[in-house]
Every structure is written in structure tokens, then in C-alpha cells.
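Chain and residue survey
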Amino acid sequence: GLSRDARKPFYNKYGWNQGLNYFGNDSSNRYHSLQTKVEKRFSGSYSLMGHWTMQRASNYGWEYYNIDRSVDWGRNDFYATHVIVVSNLWELPFGRGKTYLTGASRAVDYLVGGWQINQISTWYSGLPFTPYYSNCGSDRDVGPCRPDVVGEILQPRSKDLWFQVSNFRLESNGDVSGPWKRPGVEQFGNVGRNPLTGPSFLGTDLSLFKNFTITERISGQFRAEAFNFFNKVNLNNPNNCVDCDPRYDGKIFGLRQGYQIQQRRFQFALKFTF
């Protein structure tokens, strides 16, 4: 029942414009991972390499840290649990010095020799996020805005509904809808930090190189490169409110952060070495 200022222990002494600020370089984080690498070089100028990282990164958030740091401990915002990268390179076996057409004329070698195909595919599992509810500012004015979880949170994992939301706005403290409950006044919800996971990411880049010799000292290379070759749409995390507006709650309206311009693109280049 006290105002925000009345709940500040040093307010009467220092006033609103002379409050105490906290600055600290005393946080910590934890990172554990299993990292694997597989590489195979085949005869015929073909090589394949794969990486898989399974990781767990946890840290403290900024909210409520200097009062009770455990309130905002959880998964790091930007770490995917699984990261898989597969790449390969294949020098086509045609032309001078290759398995087929090794005795080709200079003109034929210009057409069929020196070709190289490269590919790299990357898959990330989804990034974590934290649900919140609409009227948390009326319940408290410090710390994180999280509801109570009182049931199983279903994740349909569709862009039209990524996770189960409330059927109506949680207007009063103690209101329950689906798995969500509005906590009491001056209480933090029991949802931990970043318990839910958003959409995964998949991208494949493909390139075709043509290497050719002009003289003993001068050589050239033509490159045709395609980024996001399969034009995969990689979605961002959903709107994470559980009861704000049914038109938006739990739905996805954008592309993965940092990849908004990464729909399929082509790039061509010609390089000379001398």
C-alpha cells in the first residue's frame, strides 16, 4: 500500500534527484559445451566437414540484480542449444590433370576444366524468450514482469500461435486462464528467465567457381555465389505477451533478428591473380 518513493529506504534523506546509483563489474556467467568435428577427404578432390556444438550458457539479467540476483538468472538470450555446420567442396574431375578428359585441348579445358562446387549449411536451434503479462506495472514497479505458471505450456510452434496464451486478459490478481495466472501485488511470477524457445534457423549458401589459367603468371577465377540458396524463411521469436491482445499474443510477425535481408541473394565476381 506504500508508494514507490515511500518504499525507497534512502528517499527521505537524499530526495528524488539525489538517489543512489549502483555500478558493478561483479556478475558471472556459466558456459558448458560439447564440441565435435568430423572431416573426411575423399579421393577425386571431394572433402566434407561437419561441426556440432551442444551448449548451455546461463547468466544474470539486469533486472533486480543488485537486490536479489537469483531473480533474473537464466539462459543467455543469444545462445542456441545446438549449432550444426556442414560444408563440402568438390573439384569436378574434368579437364587437364583430372580423372576425365585429362588430355583435353586448351579450348576444351577452358569449357569443362577448373570447375568447383562449394556448399555450407548452418542450423541453429531456437533462441530462448520470457513470457510476460499486460498489467504487471500495476502490481509492481521494479523487477521482471512474469506471470505464474499453473499448468502445462503447450507450444504448437506455428507462426500463427507459437505457444499457448491466455484466453482473456488477466484483469485481477489471481485470475487464471490456461496455464497462466496473474500473481499477487508485489510478487514476481514463478516463470524463470527464458524458459521457452523460439523458431530454429536454417541457411544454405552455395557457390560455383571456375578456375582458369591465362599465362604462366596470370590466372583467373569466376564466382557465382548464392546466399540462402533454398530461400528458407527464418522466423523471429514470437510476441511474448500472454494476455495483451489475441491478435498478437504468441504470434510471429518478423524474420530472425540479424537476418532480415538474408532472403535468397546472388553474387557474381571475376578475379585475376598475377
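See the structure shown above.
The rules behind each value
- Residues numbered from 1 in each chain as written.
- Predicted model: local features only at pLDDT ≥ 70, side-chain atom pairs only at ≥ 80, totals over all residues.
- Heavy atoms only, no water.
- Helix = DSSP H or I, 4+ residues; strand = E, 2+ residues; numbered from the N terminus.
- Contact = heavy atoms within 4.5 Å.
- Areas by Shrake-Rupley, 256 points an atom, 1.4 Å probe, with all protein chains shown as cover.
- Phe/Tyr/Trp six-rings, centres within 6.5 Å; stacked < 30°, edge-to-face > 60°.
- Buried < 20%, exposed > 50% of the residue type's maximum accessible area, 1.4 Å probe, protein only.
- Disulfide = S-S within 2.5 Å.
- Pairing = 2+ DSSP bridges.
- Patch = residues over 30% accessible without salt bridge, like charges linked within 9 Å, V, L, I, M, F, W, Y side chains within 5 Å.
- Salt bridge = Lys/Arg side-chain N within 4 Å of Asp/Glu carboxyl O.
- Polar contact = N/O pair within 3.5 Å; in protein donor to acceptor, adjacent residues only side chain to side chain.

1. Some words on the overall build of the protein chain
From N to C terminus, the protein chain includes 3 helices and 13 strands. Considering only C-alpha atoms, the protein chain reaches an extent of 90 × 45 × 30 Å along its principal axes. Partitioning the contacts of the protein chain with sequence separation of at least 6, the portion at a separation of at least 24 is 68%. When the accessible area of the protein chain is evaluated, it comes to approximately 17300 Å², of which 54% is carbon and sulfur surface.

2. What to know about the packing of aromatic side chains
Counted under the stated rule, the structure contains 11 aromatic pairs. Judged by centre distance (5.7 Å) and plane angle (65°), the ring pair of Tyr60 and Tyr65 falls under edge-to-face. When its relative accessible area of 11% is taken as the criterion, Tyr65 is described as buried. Pairing Tyr248 with Phe253 gives two aromatic rings, centres 5.6 Å apart and planes at 55°, and the pair type is tilted. With a relative accessible area of 36%, Tyr248 lands in the partly exposed category.

3. Digging into unusual backbone geometry
Its identity is not glycine, yet Leu101 carries a phi of approximately 60°, on the positive side. Its location among the elements puts Leu101 in the loop between strand S4 (82-91) and helix H2 (106-112).

4. Describing the state of the cysteines
Inspection of the entire model under this criterion finds 2 disulfides. There is a disulfide in this structure between Cys136 and Cys145, and the S-S distance comes to 2.2 Å. The disulfide joining Cys136 to Cys145 has a torsion of about -110° about its S-S bond and is therefore left-handed. Covalently, Cys241 is tied to Cys244 through a disulfide, its sulfur atoms 1.9 Å apart. Residues Cys241 and Cys244 share a disulfide whose torsion about the S-S bond is about 85°; that sign makes it right-handed. Residue Cys244 is classed as partly exposed on the basis of its relative accessible area of 24%. With cysteine numbering restricted to those in disulfides and following the sequence, the protein chain has the pairing 1-2, 3-4.

5. Some words on the sheet that holds strand S9 (residues 180-181)
Strand order in this open sheet of 3 strands is S7-S9-S8, and the pairing throughout is antiparallel. The open sheet terminates on both sides in strands that have one partner only, identified here as strand S7 (148-149) and strand S8 (176-177). Pairing of S8 with S9, which is carried by 2 bridges, proceeds in the antiparallel orientation. Along S9, the bridge assignment pairs Val176 with Lys181.

6. Brief notes about a nonpolar patch on the surface
A cluster of nonpolar side chains, namely Tyr110, Ile214, Ile218, Leu270, Phe272 and Phe274, defines an oily patch on the protein surface of about 620 Å² accessible area. On the secondary structure map, Ile218 appears in the loop between strand S11 (201-213) and strand S12 (219-227). Here Ile218 falls in the partly exposed class, since its relative accessible area comes to 33%.

7. Re the environment of Arg223
Inspection of the secondary structure assignment puts Arg223 in strand S12. On the basis of relative accessibility, which here comes to 25%, the residue Arg223 falls in the partly exposed class. In the structure, Arg223 is positioned 78 residues away from Cys145 in sequence and 51 Å away in space, judged by C-alpha atoms. A polar side-chain atom of Arg223 sits 2.6 Å from a polar atom in the side chain of Gln221.

8. Some thoughts on the pattern of salt bridges
For the structure on display, the rule yields 9 salt bridges. Here Glu39 and Lys37 are joined by a salt bridge, their closest N and O atoms 3.8 Å apart. When its relative accessible area of 52% is taken as the criterion, Lys37 is described as exposed. Of the charged contacts in the structure, one is a salt bridge between Arg182 and Asp139, with a shortest N-O distance of 2.9 Å.

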